[in-house]
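Here is how the chains run, residue by residue.
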Amino acid sequence: MGNRIKGRTKKKSIKAAIHSGSSQQQKLSRMGKVRKRHHAGLDATFIGRAKVLKKLQISLRDFRRLCILKGVYPRQPKKAPKNKKGQVFYHIKDVKALAHEPLLDKFREFRAFMKKVRRSANRHEKDEARRKEPLAPKYTLHHLVRERYPRFADALGDLDDALCLVHLFACLPSDGKIKSGITRKAQQLAASWGAYCSVTGSVTKSFISVKGVYLEADIMTSGQAVPVRWVTPHNFTQHIPEGVDFRVMLTFFEFYETLLGFVLFKLYGEMGVRYPLPTVASGGGGESNVSSATLHPTLGGKATSVLAANLSALQLALIDAAKGNSAADAVKDAMQSNDGNNDDGNDASDEVNRKAVRAQKKKQRELMQSIDEALKGVEEDGDDNEDDDDDDDFVDEDEDQVPIAAPLREALEAIDDSATSINENGNIVITSPDAQKRHQLFHNMTFFLSREVPRGYLELIILSYGGKVGWEGQDSPILMDDSSITHHVVDRPKLLPSYGALPKSREYIQPQWVLDSANFNFILPVQKYGVGHELPPHLSPWVDDNEEGYVPKYKEEIEKIRNGEMLDENEADNVDSGAVKAIIKDSDEVSEGDDSASDKDAESIADESEEDVESEEEDDAVAERKAIKKKQTEDEEAAELAKALMSKKAARLYGRMQHGIAQKQAKVDNLHKKRREIESTREKTKDGKTQLKLKVERLKKERREKEDKYKETGGSMKKKRRHT
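Residues numbered from 1 in each chain as written. Predicted model: local features only at pLDDT ≥ 70, side-chain atom pairs only at ≥ 80, totals over all residues. Heavy atoms only, no water.

Between Tyr275 and Pro276 the backbone carries a cis peptide bond, its omega angle lying at 5°. Mapped onto the elements, Pro276 comes out in the loop between α12 (246-270) and α13 (306-323). Its identity as a non-glycine residue notwithstanding, Asn444 has a phi of 65°, on the positive side. Topologically, Asn444 is positioned in the loop between α18 (433-439) and β8 (446-449). With a phi close to 55°, Asn521 is a non-glycine residue in the positive phi region. (Helix = DSSP H or I, 4+ residues; strand = E, 2+ residues; numbered from the N terminus.)

Pasting the structure below:
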C-alpha cells in the first residue's frame, strides 16, 4: 500500500477538482443540479410525431383524424433541438389531451371490430360479416364542439371555414371519393343557412370573383353583430383533382357538419323554430303540415330549388311557432306538472318531511334569486321572499310562482326575443333596425331569373333584401309572363325573340345590377346594366377607399346620383354647347339689320374687356402659385429641422414610415395616371373620333410613308408568302 498509514484518509490527487472534497449541498449550491434527460427543456416540451404515435398506440391515419377533430396542430419551437431539424413537433400538453380523449378508445374499438370483419371475409363468411355491420362502434362529436367553442360567439367566429367547405361539397359531383349522401347533406346545410340569412335579412355584402361569390352576413348575438364571410363556388361542372387528399377534407366536413348543426339549432331556436326542418312523412305514418311540392328531395319533397324548399319550410314553421311558442310552453307545462306532483307527495308525507322539503325549496329559491339579482338586477323576486319569511303556511300556495333560474329564464327570453316576428296578418317581420333598412331595398320588386342565370346566390341576395324571386321551372312561384315582374335578369348578349311577347313594364338587366345595388344599398339606374351593354366596374365592398387614398370614378358617380348632382359631364357639356349655339343664333338674327360699324365697335369693346379679365386671372394665378410654393418650402424646412433634432433610432423609424407612405402614394398616383390615360383615349374630337383611333391612323400613315420611301430604293417592306 506504500506509505499509506492506517486510519488516515487518502490524499486527493493533484488532478482532482478543487470542489471534489465538498459536500453534496456545497456542490448543488455551486454547480447546480444535473438535469435528467427528457425531463426538462425542449426535449420534454416538444415531442416528434413518431414518438407521439408510439405513445398513443394508434396509426398515422387515426392520429391525423384525431388531431383535426380535436383542433391540435403541430408547433414549431423557437429553437429546434439538435439533429432534429425539419421534424414535426407536438406540444406535450396537446399529447396529454389526446391521450385522455374518448374518441381514442372508439378508434381502437373500431380497429378491433374491423379485424373481426376481415377475418369473417377471409373465411368467406359473408353472412357473418353482414351481421356484424350494424354492430360497428359509433361516436359523436358533440363534446368536442362544446369543448372547442364554450361560447356561441366563438362558434360564429370560426364559421367561415365551415361554410366555405360545406358550399364546396355541395357543388362537387358524387363519385367514388365523395358519396352522394355527403353531397346531399352539404346541400341541406347550405340551404338551411341561406334560408335563415334570407328570412332575417342578414346578408350585407357580396362580390363576384374568379374563385366564386363572396358573401358576408351579420349574425346578431348578445346585442352585437358578428360578421360571417364565406365563398360560394360558381355553378359549373367541377373536375376533382387527383392531388387532393379527400380523406382529410372529409374529416373536416365531419366536424363542421356537427358545428353547423349546433349553430343552426341555436339560431332557429331563437326564432322559435325546431331544427332540423320538418320533412314529409313517407307512407301512412304521421302527417306533416309541409306540402311535398314545396320541399326539395333532400327534405322528402319534389321541388328543384334547395334554398326555396328550405325557405318555404322555414316560413311555415315560423307561422306555426307564432301561434304559440311551443318550446317555452313545453318547459312551463313540465315545470307546473312537476310542482303539482311534488305537492301531492308532500301532502301524503309526514310533517317532518314537509318541513324539510319546504326548507330545502326555500334555500333553493334564495339561491336562485341571489344569482338572478346579481346577473339581471331583478327586484321583483324580493317580495316573494318577504312573504315566505312572514308566514310559512303559505309556501304550498305560492310554489307555482317560484322564480325560474337565471339560465332557464335567459333561454326562454332568447326564444321570445328573436330576429323575426309575425304580425297580425301572418307576415314575417324583421326586428333588427339595420336588417329592416336592408330589407326595404327591393321591397315591392319582383325578379325573374332566366335559365342561364345562376340561381343560388342571386336568390339568396334578392330574398335577403326584401324582393320576390321567380325562375324558369315547374316549382317557380312566379310565371314568366306575370305582369307583376319588375326586373327580368338575363345573362345573354341579346334578348331572345320570344321575349317580345312579354309585358313591356319590366326592365331587362344583367346579374351584376343586383349585387351592386345591394352593396351600395341604393337602387342604381339600369341603363348601364342593360342586356348587351358593357358593364361598369364591379367594385369590392370590403375596400376602404379613404384608407387606400383612391376613390374609383364609378363610385364617385354613384355618390353624385345619391346626392342628386349632375351625372355625366359630357351630357352637361353638350347641353352647354347647345345653349351657347342657340344664343349665338338668336344674336345673329337680331343683328342682321345693324350696321357693320356698330358691329366692329362692339367687337373691339368685347375684345378689350376679355383681355382685361384674362390679365387679372393670370395675376391671381401667379400670386396663388407663389403662396403655395412659399408654404411648401416652409414646411420642408420645418420637417428637416425636426428630423435633425431626432435621435438616431427615431430618425430611422421616421424614415421607414415615410418610405411606406411614399410607396402607398406611388400606387395611388399610378392609379390616377391610368385613369387619365383611359379618359383621354375615350375623349372624342369634333370629327367624332377618339384619341385611340387618331393614334392608330397616325401610326398607319407613318407606316405608309416609310413604305413609299423604301419603294423608291427598289425594295419592299411587305413579307412575301412562301409557297409550299
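Let us keep going from here.
Another aspect to go through is the nonpolar core. Side chains of a nonpolar character, in soluble globular proteins, are inclined to be buried together. The biggest cluster of nonpolar side chains holds 94 residues, and the ones touching the most others in it are Leu159, Trp193, Tyr268 and Val514. Among the elements that take part in this core, α12 stands out by supplying eleven residues, more than any other. The contact partners of Tyr268, leaving out residues within four places of it in the chain, are Ser192, Ala195, Tyr196, Val273, Tyr275, Leu277 and Leu314. By size, the runner-up hydrophobic cluster in this structure holds five residues, among which are Val490, Tyr499, Leu502 and Tyr508. (Core = buried A, V, L, I, M, F, W, Y, C linked by side-chain atoms within 4.5 Å. Buried < 20%, exposed > 50% of the residue type's maximum accessible area, 1.4 Å probe, protein only. Contact = heavy atoms within 4.5 Å.)

Before going further, it helps to examine the pattern of salt bridges. Under the defined criterion, the tally for this structure stands at 16 salt bridges. Taking the shortest distance from any N to any O, the salt bridge between Glu101 and Lys70 comes out at 2.6 Å. Placement of Glu101 in the loop between α5 (92-99) and α6 (102-122) and of Lys70 in helix α4 (residues 60-70) is noted, with a sequence separation of 31 residues between them. Between Arg703 and Glu707 there is a salt bridge, and its shortest N-O distance comes to 3.4 Å. Residue Arg703 and its partner Glu707 are both found in helix α26 (residues 691-712); the two are separated by four residues, about one turn of the helix. For Arg703, a relative accessible area of 42% puts it in the partly exposed group. Several salt bridges share partner residues, and in doing so they unite Lys70, Glu101 and Glu147 into one network. (Salt bridge = Lys/Arg side-chain N within 4 Å of Asp/Glu carboxyl O.)

This part covers the pairing of strand β3 (residues 203-208). Two elements, β3 and strand β4 (residues 213-221), share five bridges in a ladder whose sense is antiparallel. Bridge pairing in β4 links Ser206 to Leu215. The turn joining β3 and β4, which pair antiparallel and follow one another in sequence, is formed by four residues. (Pairing = 2+ DSSP bridges.)

On to the packing of aromatic side chains. If you walk through the whole model with that rule in mind, you get 15 aromatic pairs. It is Lys266 that lies over the ring of Phe152; its NZ or CZ is 5.8 Å from the centre. (Phe/Tyr/Trp six-rings, centres within 6.5 Å; stacked < 30°, edge-to-face > 60°. Lys NZ or Arg CZ within 6 Å of the ring centre and 35° of its normal.)

Attention shifts here to α6. In this model, α6 (21 residues) spans 31 Å end to end at C-alpha, consistent with the 30 Å of a helix rising 1.5 Å per residue. Contacts from the buried residues of α6 go to α3 (49-56), α4, α5, α7 (126-132) and α8 (142-148). (Expected span 1.5 Å × (residues − 1).)

The end-to-end C-alpha distance of α26, which contains 22 residues, comes to 32 Å, matching closely the 32 Å that a straight helix rising 1.5 Å per residue would cover. Within two residues after α26, Gly714 carries a phi angle of roughly 100°, on the positive side.

Here the focus is the pairing of β4. Relative to strand β5 (residues 224-232), β4 runs antiparallel, the two sharing nine bridges. Each bridged residue has a counterpart across the sheet, and for Ile219 the counterpart in β5 is Val226. The turn joining β4 and β5, which pair antiparallel and follow one another in sequence, is formed by two residues; a positive phi near 55° is taken by Ser222.

This part takes up the sheet that holds β8. One open sheet accounts for four strands, arranged β9-β8-β10-β11; its pairing is parallel. Only two strands of the sheet have a single partner each, and these edge strands are β9 (468-471) and β11 (507-509). Across this sheet, the average inter-strand angle for adjacent strands is 25°, counted without regard to direction. The pairing of strand β10 (residues 487-489) with β11 spans three bridges and is classified as parallel. The residue bridging Val489 from the neighbouring strand is Ile509, located in β11. Relative to β9, helix α19 (residues 455-464) is tilted by about 155°, and along the sheet it contacts β8, β9 and β10. (Axes fitted to C-alpha atoms, helices over the stretch in contact; angles between N-to-C directions.)

Along the polypeptide, Pro227 turns up in strand β5. Judged by relative accessible area, which is 49%, Pro227 ranks as partly exposed. Once the C-alpha coordinates of Pro227 and Glu216 are considered, the two residues, eleven residues apart in sequence, prove to be 6.6 Å apart. In contact with Pro227, other than residues within four places in its own chain, are Glu216, Ala217 and Asp218.

For Leu69, the position within the fold is in helix α4. On the basis of relative accessible area, Leu69 is assigned to the buried category, the value being 0%. Sequence separation between Leu69 and Leu103 is 34 residues; the distance between their C-alpha atoms is 9.4 Å.

Turning our attention to the sheet that holds β5. Ordered by their spatial adjacency, three strands build an open sheet running β3-β4-β5, and the pairing between neighbours is antiparallel. The sheet terminates laterally at β3 and β5, the two strands that pair on one side only. Each strand of the sheet is rotated relative to its neighbour by a mean of 20°, with strand direction disregarded.

Here we come to the packing of α4 against α6. Relative to each other, α4 and α6 sit at 150°, their axes nearing to 11 Å. With respect to α6, the axis of α4 lies roughly antiparallel. Seen along the crossing, α4 lies across α6 with a hand that is right-handed. In contact with Asp62, Arg65, Leu66 and Leu69 of α4, α6 contributes Leu103, Leu104 and Phe107. Here the residues of the contact of α4 with α6 are counted per class, giving five nonpolar, no polar and two charged. (Parallel < 35°, antiparallel > 145°, perpendicular 65-115°, else oblique. Left-handed = near helix turned anticlockwise from the far one by under 90°. Nonpolar A, V, L, I, M, F, W, Y, C, P; charged D, E, K, R; others polar.)

Let's shift gears to empty space enclosed by the protein. According to the stated counting rule, one finds one cavity of 30 Å³ or more in the structure shown. Within this model, the largest cavity holds a volume of roughly 40 Å³. What lines the largest cavity is simply Ile68, Tyr73, Arg148, Phe252, Phe255 and Tyr256. Looking at which element gives the most residues to the lining of the largest cavity, the answer is α12, with three residues. Classifying every residue of the lining of the largest cavity gives five nonpolar, no polar and one charged. (1 Å grid on protein atoms, 1.4 Å probe; cavity = no way out; pocket = protein on both sides within 12 Å on 5 of 7 lines; lining within 4 Å. Points joined across faces, edges and corners; volume = space filled by probe spheres on them.)

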